[in-house]
Amino acid sequence: MKDYKLIFAVITVAIVWGTTFLAIRVAVETIPAWFVAGIRQFLAAIIMLIVLLSRKEFKWIGFKNLGYQIVFATLMLIVANGMTTVAEESVSSSLASLISACSPILVFLGSLAIGLQKFSLRSLAGVLLCFSGILFIFWDGLQDLANPDYRMGMIFLFCAIAGWASGTIFTKKLNIQSGNITLNLFYQFLFAGVVQIIFAFLFSDNYNFGNWSVKSISAMIYLAVFGSVTAFFAFHYALTKISPVQVSILAYINTIIAIFLGWLIMDEKISVKFILAAALIICGVFIINYKPEMFRKQKVV
């Protein structure tokens, strides 16, 4: 039988995370970024707790497993998600999604370093294509780097994809997500939410709650319910069935959806160089990760 759960999980991750870049951009219009990230994760933790209590599955996971969840939450939620959210205060959702699409490059290089992947001329060609796409990004907006906010936004984005790649490899290498995914996610979201809310009070210049718009609050709730709970659950499930490289290629669809929505809804400018950069990066990532068996159904164990 086909693994319909896996297919549904992959489609959910691809579509929902493609919309999160736009939702983040809308949320940070009136809400400081660390508040968006922190409240998003804290709300997600509450939802997970309700699910666990209704199933009578809530329990203490032990200090060893808690340590794993804290490391994963730090890499994937605090660093990757949090820094992407901060970056979108100064860069467009389209650009954020395109930079995030480079994460499979780091997944590949990291997997290469620890022996999960083998180097080849094809992979070298893919890496060169990806870096060519990045050069096109900076070529199109080189003058923007003079803006310190934009420059910091780009730094945050590259830190974010490094965190995401590290978390992806860490999860599969140690196989720490093979237990109760909902329980693991609860502890991850709770830890990340508390830490990010603390960051919000420490690093936000102005957090006048009265200035938060209904549109931004709605976007933040969407991020919690769908971007965190639904998509992360699907992501963790997929990681237990297929390789981190296979999961990471969802960045193709995420990027296309995010760029289209940014142009359609936020009126973000998409230049010819930007489109060329997107094409180079997506082609490069595909070449790096392509294997004949990557689209075949794997045996579920």
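Predicted model only: the values in this text are computed from it and were never measured.

Enquirer: Just checking my understanding: could you explain the overall build of the chain for this structure?
Expert: Helix and strand counts for the chain stand at twelve helices and zero strands. From first element to last, N terminus to C terminus, the chain shows the α and β order α-α-α-α-α-α-α-α-α-α-α-α. Across the 301 residues that make up the chain, the buried fraction comes to 51%. Within the chain, counting contacts between residues at least 6 apart in sequence, those at least 24 apart form 90% of the total. For the chain, the accessible surface area stands at approximately 14,300 Å², while carbon and sulfur atoms represent 70% of it.

Enquirer: When you look at the environment of A162 in this model, what are you seeing that I'm missing?
Expert: Within the fold, A162 resides in helix α7 (residues 148-174). Assessed through its relative accessible area of 32%, A162 is described here as partly exposed. A sequence separation of 60 residues divides A162 from C102, and the C-alpha atoms of the two residues are 9.5 Å apart.

Enquirer: Quick question: what am I supposed to make of the side chain of Q41 here?
Expert: The residue Q41 is located in helix α2 (residues 33-55) in this model. With a relative accessible area of 0%, Q41 lands in the buried category. Here S228 takes part through its side chain, which lies 3.2 Å from a polar atom of the side chain of Q41. Apart from residues lying up to four places away in sequence, Q41 is in contact with L77, N81, F189, A192, G193, Q196 and S228.

Enquirer: Looking at this model, I keep getting lost on the packing of aromatic side chains. Mind explaining?
Expert: All told, the structure shown has 14 aromatic pairs when counted by the stated rule. Aromatic side chains W17 and W164 sit 5.3 Å apart centroid to centroid with 85 degrees between the ring planes, which places their arrangement in the edge-to-face category. Residue W17 is located in helix α1 (residues 4-27), and its partner W164 is located in helix α7; the two are separated by 147 residues in the primary sequence. The same class applies to W17 and to W164, which are both buried. Each member of the aromatic cluster is reached from another via a ring pair, and the members are F58, W60, F63, F186 and Y187.

Enquirer: Help me understand a nonpolar patch on the surface, please; the structure alone is not making it clear to me.
Expert: Side chains of F42, I46, I50, V194, I198, L202 and F203 sit close together on the surface and give an oily, nonpolar patch of about 660 Å² of accessible area. Breaking the nonpolar patch down by element, the ones donating at least two residues are α2 and α8 (181-203). Note that F42 resides in helix α2.

Enquirer: Sorry, what's going on with unusual backbone geometry here?
Expert: Phi is mostly negative for residues that are not glycine, and the peptide bonds are mostly trans. For K56, which is not glycine, the phi torsion reads 60 degrees and is therefore positive. Topologically, K56 is positioned in the loop between α2 and α3 (63-87).

Enquirer: Which parts of the structure should I look at to understand the environment of L239?
Expert: Along the chain, L239 turns up in helix α9 (residues 214-239). You can call L239 buried: its relative accessible area is 3%. When the C-alpha atoms of L239 and T168 are compared, they prove to be 8.4 Å apart, with 71 residues separating the residues in sequence.

Enquirer: Just checking my understanding: could you explain the packing of α8 against α9 for this structure?
Expert: Packed helix pairs are specified by the crossing angle of their axes together with the interaxial distance, meaning the distance between the axes. Closest axis-to-axis distance for the α8/α9 pair is 10 Å, and the angle between their directions is 125 degrees. Looking at the two axes, α8 sits oblique to α9. With respect to the hand of their crossing, α8 and α9 are arranged in right-handed fashion. Packed against α8, whose contacting residues are I181, T182, L185, Q188 and F189, the element α9 presents S228, V229, F232, F233, H236 and Y237 at the interface.

Here is what the cut-offs are and how they apply
- Residues numbered from 1 in each chain as written.
- Predicted model: local features only at pLDDT ≥ 70, side-chain atom pairs only at ≥ 80, totals over all residues.
- Heavy atoms only, no water.
- Helix = DSSP H or I, 4+ residues; strand = E, 2+ residues; numbered from the N terminus.
- Buried < 20%, exposed > 50% of the residue type's maximum accessible area, 1.4 Å probe, protein only.
- Contact = heavy atoms within 4.5 Å.
- Areas by Shrake-Rupley, 256 points an atom, 1.4 Å probe, with all protein chains shown as cover.
- Polar contact = N/O pair within 3.5 Å; in protein donor to acceptor, adjacent residues only side chain to side chain.
- Phe/Tyr/Trp six-rings, centres within 6.5 Å; stacked < 30°, edge-to-face > 60°.
- Patch = residues over 30% accessible without salt bridge, like charges linked within 9 Å, V, L, I, M, F, W, Y side chains within 5 Å.
- Salt bridge = Lys/Arg side-chain N within 4 Å of Asp/Glu carboxyl O.
- Axes fitted to C-alpha atoms, helices over the stretch in contact; angles between N-to-C directions.
- Parallel < 35°, antiparallel > 145°, perpendicular 65-115°, else oblique.
- Left-handed = near helix turned anticlockwise from the far one by under 90°.

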